[in-house]
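This is what each chain is made of:
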Amino acid sequence: MAPPLVFIVGPTASGKSSLAEALAQRFPLELISMDSAQVYRGMDIGTAKPDARSRERVPHHLIDILDPAERYSAARFAQDARELIREIQGRGHVPALVGGTFLYMRALLEGLHDMPPADARLRREIEARAERSGWPALHAELAGLDPEAAGQIHPNDAQRIQRALEVLRLSGAGRSTAWRGERSQPWSGPVLKLAILPSQRQALREMIAQRFEQMMAQGFLDEVRALYARPDLDPQLPSIRSVGYRQLWDYLDRRCELDDAVERGIIATRQYAKRQMTWLRREPDLALLPQTAGERLEAASRLLEGFLKCSGA
């Protein structure tokens, strides 16, 4: 039987990482990052990556595993996570997946459909068209070809628009049609989903703005400047399209002023958090945690203790 899995999820800036580290002080947890940007080396400040001290106190995985010029996928995450879960179980510990890239959670729990592999040439072609016309125009094209897929994708979600158009070209079928096919093996073990779902939207919006300003004070612009200086990186790569990075990249590209880039970065982060909240409200079997940090930790500890006892961990 598959080992028990713990998920600690919530929108950006909601306190997932601090809760996970606090729980790891009480339980034999090892943390697996479920964040599509923390996989990249040299992208520390803008991804709110756990610092060296946190990573010394608590084992963290799937952080700093790729160069920003590389690409990562939900399929690779599911494969990497399954291997880590087996290793963590072998050490007598409990794997806890922490983050807000919920497509990764779906890939691990529900399995993946048999989709055509990525095609570098075709992706460059789609990216070039997006550079000329904009991603909303390509989203409109997708809506004409596969309305069901387009309805599930935001008009500015470049990575998913690109993949949907790629699947259309490579398979001759729409993404939504392909997704109705056979899935790979879903997760069969017990699962606990601890969820932080802020009830005060304005408080989250203010926290996002404060955190972005704090990241700027910590040297976020210099971090992006180091990436910008590399000739092998460009704004079409998934790493550079990460929220915050693409806005500061535009500033370095002289497409806007710094104040405007910061404001657009804050707005983009808030929009991302809104999409995360929408996803979570539809996610089944969530264990919703209290709003205050102290009560949240105690409630999560009780739930986790009961879950581990019931699952025999």
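Given the structure is predicted, the values throughout are model-derived calculations rather than measurements.

> With reference to specific residues and values, describe the packing of helix α1 (residues 16-24) against helix α14 (residues 293-311).
In contact at an axis separation of 10 Å, α1 and α14 are set at 55° when each is read in the N-to-C sense. When the interaxial angle is binned, α1 and α14 end up oblique. At the point where α1 passes α14, the crossing takes the right-handed sense. Along its contact with α1, which presents Leu19, Ala22 and Leu23, the element α14 presents Arg296, Leu297, Ala300, Ser301 and Leu304.

> Outline the packing of helix α5 (residues 120-133) against helix α6 (residues 135-145), listing residues and values.
In the contact formed by α5 and α6, the axes pass within 7 Å of each other and the chain directions differ by 115°. Between α5, through Ile126, Arg129, Ala130 and Ser133, and α6, the contact on the second element is made entirely by Trp135, Ala137, Leu138 and Glu141. Looking at the contact of α5 with α6 residue by residue, the classes come out as five nonpolar, one polar and two charged.

> Could you give me a rundown of the pattern of salt bridges, with the residues and numbers involved?
On inspection of all chains with the given rule, the structure shows 22 salt bridges. Residues arginine 57 and glutamate 21 are paired through a salt bridge, measuring 3.7 Å at the closest nitrogen-oxygen approach. Of this pair, arginine 57 sits in helix α2 (residues 52-57) while glutamate 21 sits in helix α1, and the two are 36 residues apart along the sequence. In this structure, the salt-bridge partner of arginine 121 is glutamate 125, at a minimum N-O distance of 3.5 Å. Taken as a pair, arginine 121 and glutamate 125 lie in helix α5 at a separation of four residues, close to a single helical turn. The partly exposed category is assigned to arginine 121, whose relative accessible area is 48%. Among the charged side chains, a salt-bridge network with shared partners connects Asp44, Lys49, Arg55 and Asp64.

> Quick one: what's the story with the pairing of strand β2 (residues 29-33), residue by residue and with numbers?
With five of five residues buried, β2 lies mostly within the body of the structure. Relative to strand β3 (residues 60-61), β2 runs parallel, the two being bridged by two bridges. If you follow isoleucine 32 over to β3, its bridge partner there is histidine 61. Tracing the backbone out of β2, into α2 and back to the parallel element β3 gives a crossover that is right-handed.

> Describe the environment of serine 239, naming the residues involved and giving the relevant values.
Checked against the element boundaries, serine 239 lands in the loop between α11 (220-228) and α12 (245-252). Spatially, the C-alpha atom of serine 239 lies 8.6 Å from that of methionine 43, the residues being 196 residues apart in sequence. Aside from chain neighbours lying at most four places away, what touches serine 239 is Tyr40, Met43, Pro68 and Tyr245. A distance of 2.7 Å separates the side chain of serine 239 from the backbone oxygen of proline 68, its partner in a polar contact.

Rules behind the numbers
- Numbering of residues begins from 1 in every chain and follows the order in which that chain's sequence is written.
- Local features in a predicted model are, by the rule used here, given only for residues with pLDDT of at least 70; side-chain atom pairs are given and counted only at 80 or more, and totals for whole chains, interfaces and linings are based on all residues.
- Side-chain numbers come from the whole structure's heavy atoms, not from hydrogens or water.
- Fitting a line to C-alpha atoms yields each axis, with helices limited to the stretch in contact; the angle taken between N-to-C directions then spans 0 to 180 degrees.
- Secondary structure elements are defined from DSSP: runs of H or I of at least 4 residues count as helices, runs of E of at least 2 residues count as strands, and each element is numbered from the N terminus.
- The labels follow the angle: roughly parallel below 35 degrees, roughly antiparallel above 145, roughly perpendicular from 65 to 115, and oblique for the rest.
- If you view the pair so one helix is near and one far, a crossing is left-handed when the near helix is turned anticlockwise from the far one by less than a right angle, and right-handed when it is turned clockwise.
- Should any heavy atoms of two residues lie within 4.5 Å, those residues are considered in contact.
- Nonpolar residues are Ala, Val, Leu, Ile, Met, Phe, Trp, Tyr, Cys and Pro. Charged residues are Asp, Glu, Lys and Arg, and all others, Gly as well, are polar.
- Think of a salt bridge as a Lys or Arg side-chain nitrogen and an Asp or Glu carboxyl oxygen that are within 4 Å of each other.
- Only protein chains enter the area calculation, which uses a 1.4 Å probe; residues under 20% of their type maximum are buried, those over 50% are exposed, and those in between are partly exposed.
- For two strands to count as paired, DSSP must find a minimum of two bridges between them.
- Every crossover in which the path from the first strand over the helix to the second runs clockwise, viewed with the strands pointing away from the viewer, is termed right-handed.
- Polar contacts here mean pairs of N or O atoms no more than 3.5 Å apart (in protein, one a potential hydrogen donor and the other a potential acceptor; neighbouring residues in sequence count only if both atoms are side-chain atoms).

Everything listed is a geometric property; what it means functionally is a separate question.
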